[in-house]
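Residue-level listing of the chains:
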Amino acid sequence: AVELNSLIRDTISVEELLEIVTYKGYAFDMINVATAVLTLSKLGKKDKRSSAVVGEGLGADARFSQLLFFVSAHCPSFQPQACANVMNGLAVLQSDLGAQAVDAELAAQLASVVERQAGYMNAQAVSNVLNAIVKIETIGAALSANGWAALGK
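First, a word on what this report is: a plain description of the structure on this page. (Residues numbered from 1 in each chain as written. Predicted model: local features only at pLDDT ≥ 70, side-chain atom pairs only at ≥ 80, totals over all residues. Heavy atoms only, no water.)

**Focus on the overall build of the chain**
Part 1 of the reasoning: Within the chain, the regular secondary structure consists of ten helices and zero strands.
Part 2 of the reasoning: Along the chain, helices (α) and strands (β) appear in the sequence α-α-α-α-α-α-α-α-α-α when read from the amino end.
Part 3 of the reasoning: Expected size for 153 residues packed as a compact globule is a radius of gyration near 15 Å; at 14 Å, the chain falls within 12% of this value.
Part 4 of the reasoning: Here the chain, with 153 residues, has 50% of them falling under the buried criterion.
Part 5 of the reasoning: Taken as a whole, the chain presents about 7500 Å² of accessible surface, with 55% of it coming from carbon and sulfur. (Helix = DSSP H or I, 4+ residues; strand = E, 2+ residues; numbered from the N terminus. Rg over C-alpha atoms; globule rule 2.2 N^0.38 Å. Buried < 20%, exposed > 50% of the residue type's maximum accessible area, 1.4 Å probe, protein only. Areas by Shrake-Rupley, 256 points an atom, 1.4 Å probe, with all protein chains shown as cover.)

**Regarding the nonpolar core**
Part 1 of the reasoning: Of all hydrophobic cores here, the largest spans 54 residues; its most connected members are Phe28, Phe78 and Leu90.
Part 2 of the reasoning: Here the element with the most residues in this core is helix H6 (residues 80-96); it accounts for eight residues.
Part 3 of the reasoning: Dropping the residues within four chain positions of it, Leu90 is found in contact with Val37, Leu68, Val71, Ala101, Val102, Leu106, Leu110 and Ile136. (Core = buried A, V, L, I, M, F, W, Y, C linked by side-chain atoms within 4.5 Å. Contact = heavy atoms within 4.5 Å.)

**Quick look at the side chain of Thr39**
Part 1 of the reasoning: Checked against the element boundaries, Thr39 lands in helix H3 (residues 30-46).
Part 2 of the reasoning: By relative accessible area, which is 11% here, Thr39 ends up buried.
Part 3 of the reasoning: Setting aside residues no more than four positions away along its own chain, Thr39 makes contact with Ile8, Arg9, Thr11 and Leu17.

**Observations regarding H3**
An α-helix turns once per 3.6 residues; consequently, residues spaced three or four apart project the same way.
Part 1 of the reasoning: Taking 1.5 Å of rise per residue, 17 residues should cover 24 Å, and H3 covers 24 Å from first to last C-alpha, within 8% of that figure.
Part 2 of the reasoning: Extensive coverage of H3 is indicated by the burial of 13 of its 17 residues.
Part 3 of the reasoning: If you check the start of H3, you find a side-chain oxygen 3.0 Å away from the backbone N of Ile31, and it comes from Asp29. (Expected span 1.5 Å × (residues − 1). Polar contact = N/O pair within 3.5 Å; in protein donor to acceptor, adjacent residues only side chain to side chain.)

Printed below as a string of structure tokens:
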């Protein structure tokens, strides 16, 4: 898992990362998924193409859908930092690049993880989660009053 995480972090393009998802995604653990989402968001922002072109390309790419499947599959096991990294990455992908990343079902899963993990998050993780909630309103709508209270502590 550590070698795979290094491979993900060292990618230099959206295309290269999506190839890793295709050929190595079956071996992803929750940390690899979080790293892949966050790295993809950073690579997408750095891409020389316009944000709209990158976002449209991701939206039409089956490999991006596969990565989102892995997010959903691993979501219940996300620890505080993985949760914050995934949410931060998804917020950039959806809000900044225009790639539809979070549907109502995934928003509910992410809200559930936030509710379980908020009390264990450091200030930076809470900040990343709140930023993601602002950018992806469906997550905030899925968060219970207890979840909001946990983020405020």
